[in-house]
Amino acid sequence: MGWRSVIITQHAKLSYSSRMMTVQNRDGINQIPIEDINLLLINTTQAVITSSLISHLAKSEVKVIFSDDMHEPICETVGYYPSTRDIDLLEQQVNWTVQKRETLWTKIIFAKIQNQIKVLQSYGENVDEINDELEKIEMNDFTNREATVARKYFPLLFETDFVRRNNSPINAALNYGYSILLSTVNQEVVSNGYLTYIGIHHHSEENMFNLSSDLMEPFRPVIDYWVAGQKFYELTPDVKYGLVELLSLEIIFNGKKMLLKNAISEYVRNCLNFLSGNSSKMNIEVGFTNEVPSYAINDNV
């Protein structure tokens, strides 16, 4: 699996040639080795991509995300035949025990709220109320502390009258970042041979990514952490690039410094091993370095 995030922002033709992705636009022709690519974000409806390239990207487990005419992520590729999938893994997934699912969901929500507390602390906010809610978490978050904390957390992080469900630039940035995060978790779930739509808590028939929606929760505060540290008044291309670039943000995961993308990979693998009975322990500890990076452009074509 590669390491580069490539963003297409203008009219271009994307094709395949000799293990390379060829990008032809008004500035000329660029070639990128497919083995170097981890994520391809097509952030324009003016790009043309060949079926041959899509096929080779899928074989290399490269995640491709397409945006609509408002430049919002609208869909992504999901390979039918990941190299690691076999019937034994799928049988394990279908038969994950209720105890395992509820235990992991409790740990996920506990870790998410812990990380929300860390984000608030990094910006000098009082976290007494959030800590009180953290202590009330029950198995499977039966009393829904997650939602209670969210109603207190976002106004503390942004502004007192902040509402999560409106069309503000902050919400647009959060949603964009969450979609990139979800896609990254999808990629890891599939590469480990499991199905994204059989979740441990989310069970919507309309959600193809129930499991990924579950597993991504402890990392949502990473997006919040970054967005809160920026100053912007609209979701510009630079802000979007910065959100994609967060996959290369250095964080502390289970006591070790690593890039966010690598932390997600290890975390998803650990979760799946726990659920399938291959591991009896499950640690989720995410920390932040002192510096909040500004948004930066990375491989935008």
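For the structure, see preceding data.
In this text, all values refer to a predicted model and were calculated from it rather than measured experimentally.

**Let's talk about the packing of helix α6 (residues 169-191) against helix α9 (residues 237-245)**
One can describe the packing of α6 onto α9 by two numbers: an axis separation of 9 Å at closest approach and a directional angle of 35 degrees. For the pair α6 and α9, the crossing hand works out as right-handed. Residue-level inspection shows Ala173, Tyr176, Gly177 and Ile180 of α6 in contact with α9, the latter providing Val239, Lys240, Leu243 and Val244. Of the residues assigned to the contact of α6 with α9, the class counts are 6 nonpolar, 1 polar and 1 charged.

**Describing the layout of surface pockets**
A water-sized probe, rolled over the atoms, reveals where empty space remains. Approximately 680 Å³ is the volume attributed to the largest pocket. Those elements that provide at least two residues to the lining of the largest pocket are α3 (98-122), α5 (145-157), α6 and α8 (220-228). No other element matches α5, which puts 6 residues into the lining of the largest pocket. A class-by-class count of the residues in the lining of the largest pocket yields 9 nonpolar, 8 polar and 8 charged.

**Focus: helix α10 (residues 260-275)**
For α10, with 16 residues, the first-to-last C-alpha span of 22 Å sits near the 22 Å given by 1.5 Å per residue. Counting buried positions along α10 gives 12 out of 16 residues, so the element sits mostly inside the fold. For α10, the full list of buried residues reads Leu260, Lys261, Ala263, Ile264, Ser265, Glu266, Tyr267, Val268, Cys271, Leu272, Phe274 and Leu275. Positioned one or two residues after α10, Gly277 has a phi angle of 85 degrees, which is positive.

**Overview of the sheet that holds strand β5 (residues 37-42)**
One open sheet accounts for 4 strands, arranged β1-β5-β7-β8; its pairing is mixed. Each edge of the open sheet is held by one strand with a lone partner, namely β1 (4-8) and β8 (73-76). In this sheet, neighbouring strand axes are inclined to one another by 20 degrees on average, regardless of whether the strands run parallel or antiparallel. Of the pairings in the sheet, the one linking strand β7 (residues 63-67) to β8 comprises 3 bridges and is antiparallel in character. Across the sheet, Phe66 pairs through a bridge with Cys75, a residue of β8.

**Remarks on empty space enclosed by the protein**
Under the defined criterion, the tally for this structure stands at 1 cavity of 30 Å³ or more. Volume-wise, the largest cavity comes out at about 30 Å³. The wall of the largest cavity is formed by Gly177, Ile180, Leu181, Ile223, Leu243, Leu246, Leu247 and Leu260. Looking at which element gives the most residues to the lining of the largest cavity, the answer is α6, with 3 residues.

**Some words on the packing of aromatic side chains**
Applying the stated criterion across every chain yields a total of 9 aromatic pairs. Seen in terms of ring centroids, Tyr153 and Phe154 are 4.9 Å apart; in terms of plane orientation they differ by 70 degrees. Their pairing is edge-to-face. For the residue pair Tyr153 and Phe154, the accessibility class agrees, reading buried in each case. Aromatic side chains Phe219 and Tyr267 sit 5.0 Å apart centroid to centroid with 70 degrees between the ring planes, which places their arrangement in the edge-to-face category. Here Tyr267 lies in helix α10 and Phe219 lies in the loop between α7 (210-215) and α8, a separation of 48 residues in the sequence. We note that Phe219, like Tyr267, is buried. Here the aromatic residues Tyr153, Phe154, Phe158 and Phe162 are joined through ring pairs into a cluster of three or more. Taking the ring centre of Phe154 as reference, the NZ or CZ of Arg164 above it sits at 5.8 Å. Over the ring of Tyr178 we find Arg220; its NZ or CZ atom is 4.5 Å from the centre of that ring.

**A word on the pairing of strand β9 (residues 250-253)**
Side-chain alternation along β9 places Ile251 and Phe253 on a buried face and Glu250 and Ile252 on a face that remains uncovered. With 4 bridges connecting them, β9 and strand β10 (residues 256-259) associate as antiparallel partners. When the bridges of β10 are listed, Glu250 appears paired with Leu259.

**Brief notes about the packing of α3 against α8**
Two elements in contact, α3 and α8, have axes separated by 9 Å at closest approach and are oriented at 15 degrees. The angle between α3 and α8 falls in the class roughly parallel. Crossing hand, α3 versus α8: right-handed. Here Lys112, Asn115, Gln116, Val119 and Ser122 of α3 come into contact with α8, specifically with Arg220, Pro221 and Tyr225. Tallied by class, residues from the contact of α3 with α8 come to 3 nonpolar, 3 polar and 2 charged.

**Structural notes on the side chain of Ser276**
Following the sequence through the fold, Ser276 ends up in the loop between α10 and β11 (286-288). The exposure class of Ser276 is buried, given its relative accessible area of 16%. When residues no more than four places from it in sequence are discounted, the contact partners of Ser276 are Gln92, Trp96 and Tyr194.

Cut-offs applied
- Residues numbered from 1 in each chain as written.
- Predicted model: local features only at pLDDT ≥ 70, side-chain atom pairs only at ≥ 80, totals over all residues.
- Heavy atoms only, no water.
- Axes fitted to C-alpha atoms, helices over the stretch in contact; angles between N-to-C directions.
- Helix = DSSP H or I, 4+ residues; strand = E, 2+ residues; numbered from the N terminus.
- Left-handed = near helix turned anticlockwise from the far one by under 90°.
- Contact = heavy atoms within 4.5 Å.
- Nonpolar A, V, L, I, M, F, W, Y, C, P; charged D, E, K, R; others polar.
- 1 Å grid on protein atoms, 1.4 Å probe; cavity = no way out; pocket = protein on both sides within 12 Å on 5 of 7 lines; lining within 4 Å.
- Points joined across faces, edges and corners; volume = space filled by probe spheres on them.
- Expected span 1.5 Å × (residues − 1).
- Buried < 20%, exposed > 50% of the residue type's maximum accessible area, 1.4 Å probe, protein only.
- Pairing = 2+ DSSP bridges.
- Phe/Tyr/Trp six-rings, centres within 6.5 Å; stacked < 30°, edge-to-face > 60°.
- Lys NZ or Arg CZ within 6 Å of the ring centre and 35° of its normal.
- Parallel < 35°, antiparallel > 145°, perpendicular 65-115°, else oblique.

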